[in-house]
Amino acid sequence: MTKFSARTALKSYSEELEYTTERNAVPISRSQTLIYYIEGNKWWIRVTLLGPTANLPLANAGEQQTTKRERREFFQSFVRRIDYKWLPLLPYTVTEIIIGDATATGPERELKLDDASGTLQNPTTALRCNIQEDLRSVAYPSCDEFPSFRQINHKELTGATEITAGVFWVYHRKTRYVLKIVDRPLYRRHDTEVIRKELENLNYFAGVPNIVQAAGIAVSTNPYKTFDWDTGLPLVVTGILLEAYPGGTLQQVLSDHRITEYRWKQWSIQIGTALNRFHEAKKTHMDLEPSNIVLDADGNAVLIDISGFTRKWCTSEVRNTISPCDLPFEHRQQNDIWAYGKLLSEIASQISDDPYVETLRQVADGLMERDHQKRMSIAMAIAQLQSA
């Protein structure tokens with residue numbers, strides 16, 4: 001590629017269909033992400049069309065595309081003809097070019113198309129578009145925000161094996177870690193704030209027993225870097241590296257009915273003590289469930305996923321709240337207490353011939369009391385478990 005040549009590299013295509021039972025329904029929107037290379041620079045772009053393709057100035061625009069593949073190929077042929085150098089593209093992020101949205105707020109521009117193939121129509125009105133930052137693009141935090149963490153170049157991580165969406169086993173110099181990436185499937189801008197929150201908590205609880213420990217942050221140059229000559233940019237965080245715990249999750253142990261193979265009586269106290277450390281710091285976990293408890297090499301319980309909230313295990317008052325993490329601390333604390341009780345109840349359900357299980361059930365019932373004002377405190381629960 002010469003210095004002044006331009007080319008496009010197509011990335012992902014997506015479309016949105018209205019809820020309909022029609023087999024050949026026309027998408028209400030379609031988008032194509034691409035990289036536009038010109039003069040040695042690189043621009044990330046997302047072209048979004050709202051409405052039918054019949055409005056596009058192409059000779060075959062009125063033809064019906066009945067499959068997603070046909071629709072994708074048609075739309076990709078269109079985006080390749082856009083002359084992007086006439087548009088005010090945004091550096092270091094993804095520029096969204098929106099066609100057919102009368103409510104779009106970004107600057108409006110005329111869209112110029114290349115007619116090298118001779119298939120363009122002569123529209124009576126110019127095709128207009130709006131330009132804005134693509135709010136679905138990934139926001140990578142700067143490494144400068146987290147000076148206390150060890151930085152490991154993302155390119156040095158090898159052997160990635162997916163555990164769950166956005167979470168992988170990886171190796172760095174023969175040591176295995178867990179990597180949680182920022183650019184996760186179905187990414188939303190809120191996910192970046194979740195990553196920030198998790199790093200804040202990991203820093204606060206560094207060295208605290210029974211709470212997951214960070215090994216560092218995965219870093220790289222900004223994936224949306226535009227200008228090749230710009231070498232002074234700070235590195236960005238592409239993921240969190242966590243210590244690997246070889247015992248698997250408590251969920252796996254419960255599912256396999258292997259609980260009696262371990263020193264299971266210590267788990268309730270270890271989990272409760274870790275959760276109490278959160279509350280002493282005026283923090284809450286808000287996602288306490290068996291899949292977020294792992295076992296270390298010695299069979300000790302470790303609390304993980306200390307970043308935010310899911311609606312799997314929570315009280316009804318929290319489940320029905322639009323923004324649970326914005327609730328007052330006392331409400332969130334009560335949700336953790338209830339979830340802790342449910343966790344103890346799950347452990348107790350698999351033990352039948354040990355007198356300790358009766359104490360476990362009684363404590364679980366006290367923590368899950370319907371009237372939150374009568375619920376047992378975690379400190380009292382730990383005391384009863386220790387004295388049993």
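Per an unreviewed UniProt entry, the recorded name for the chain is Protein kinase domain-containing protein, and the organism is Aspergillus tubingensis.

**Student:** An account of a negative patch on the surface is needed here, citing residue identities and associated values.
**Tutor:** Taken together, the side chains of E358, D365, E369 and D371 make up a negatively charged region of the molecular surface. If you trace the backbone, D371 turns up in the loop between α7 (356-367) and α8 (378-387).

**Student:** Any details on the packing of aromatic side chains? Residues and values, ideally.
**Tutor:** Summed over the entire model, instances satisfying the criterion amount to 13 aromatic pairs. Where F146 meets F149, the ring centres are 6.5 Å apart and the plane angle is 75°; that geometry is what we call edge-to-face. Across this residue pair, the class does not change: F146 and F149 are buried. Members of the aromatic cluster, joined through ring pairs, are W43, Y92, F227 and W229. Taking NZ or CZ as reference, K112 lies 5.7 Å from the ring centre of W86, over its face.

**Student:** Describe the environment of P234, and please don't skip the residues or the numbers.
**Tutor:** Within the secondary structure, P234 sits in the loop between β11 (214-220) and β12 (236-243). Spatially, the C-alpha atoms of P234 and A348 are 50 Å apart, while their sequence positions differ by 114 residues. Among all residues touching P234, those that are not within four sequence positions of it are S142 and D144.

**Student:** Any details on the pairing of strand β3 (residues 41-50)? Residues and values, ideally.
**Tutor:** Within β3, eight of the 10 residues are buried, which leaves the element mostly enclosed by the surrounding structure. Pairing geometry for strand β2 (residues 29-38) and β3, over 10 bridges, is antiparallel. When the bridges of β3 are listed, Q32 appears paired with V47. The turn linking β2 back onto β3 is made up of two residues, and E39 within it adopts a positive phi angle of 50°. Note: β3 against strand β4 (residues 94-99), six bridges, orientation parallel. Each bridged residue has a counterpart across the sheet, and for R46 the counterpart in β4 is E96.

**Student:** Before we move on, can you summarise the environment of S255 with the specific residues and values?
**Tutor:** With respect to the helices, strands and loops of the structure, S255 is situated in helix α3 (residues 250-255). What makes S255 partly exposed here is its relative accessible area of 46%. Among the polar contacts listed, one links the side chain of S255 to the backbone oxygen of Q251, at a separation of 2.9 Å.

**Student:** Any chance you could break down the nonpolar core for me, citing the residues and the numbers?
**Tutor:** The biggest cluster of nonpolar side chains holds 70 residues, and the ones touching the most others in it are W267, L288 and Y340. Excluding its chain neighbours within four sequence positions, the residues that come into contact with W267 are L250, V253, I259, Y262, L295, G299 and A301. Core analysis: the second largest hydrophobic core is formed by 27 residues, I38, W43, A61 and L113 among them.

What counts as what
Residues numbered from 1 in each chain as written. Predicted model: local features only at pLDDT ≥ 70, side-chain atom pairs only at ≥ 80, totals over all residues. Heavy atoms only, no water. Patch = residues over 30% accessible without salt bridge, like charges linked within 9 Å, V, L, I, M, F, W, Y side chains within 5 Å. Areas by Shrake-Rupley, 256 points an atom, 1.4 Å probe, with all protein chains shown as cover. Salt bridge = Lys/Arg side-chain N within 4 Å of Asp/Glu carboxyl O. Lys, Arg positive; Asp, Glu negative; His and termini not counted. Charge placed at Lys NZ, Arg CZ, Asp CG, Glu CD. Helix = DSSP H or I, 4+ residues; strand = E, 2+ residues; numbered from the N terminus. Phe/Tyr/Trp six-rings, centres within 6.5 Å; stacked < 30°, edge-to-face > 60°. Buried < 20%, exposed > 50% of the residue type's maximum accessible area, 1.4 Å probe, protein only. Lys NZ or Arg CZ within 6 Å of the ring centre and 35° of its normal. Contact = heavy atoms within 4.5 Å. Pairing = 2+ DSSP bridges. Polar contact = N/O pair within 3.5 Å; in protein donor to acceptor, adjacent residues only side chain to side chain. Core = buried A, V, L, I, M, F, W, Y, C linked by side-chain atoms within 4.5 Å.

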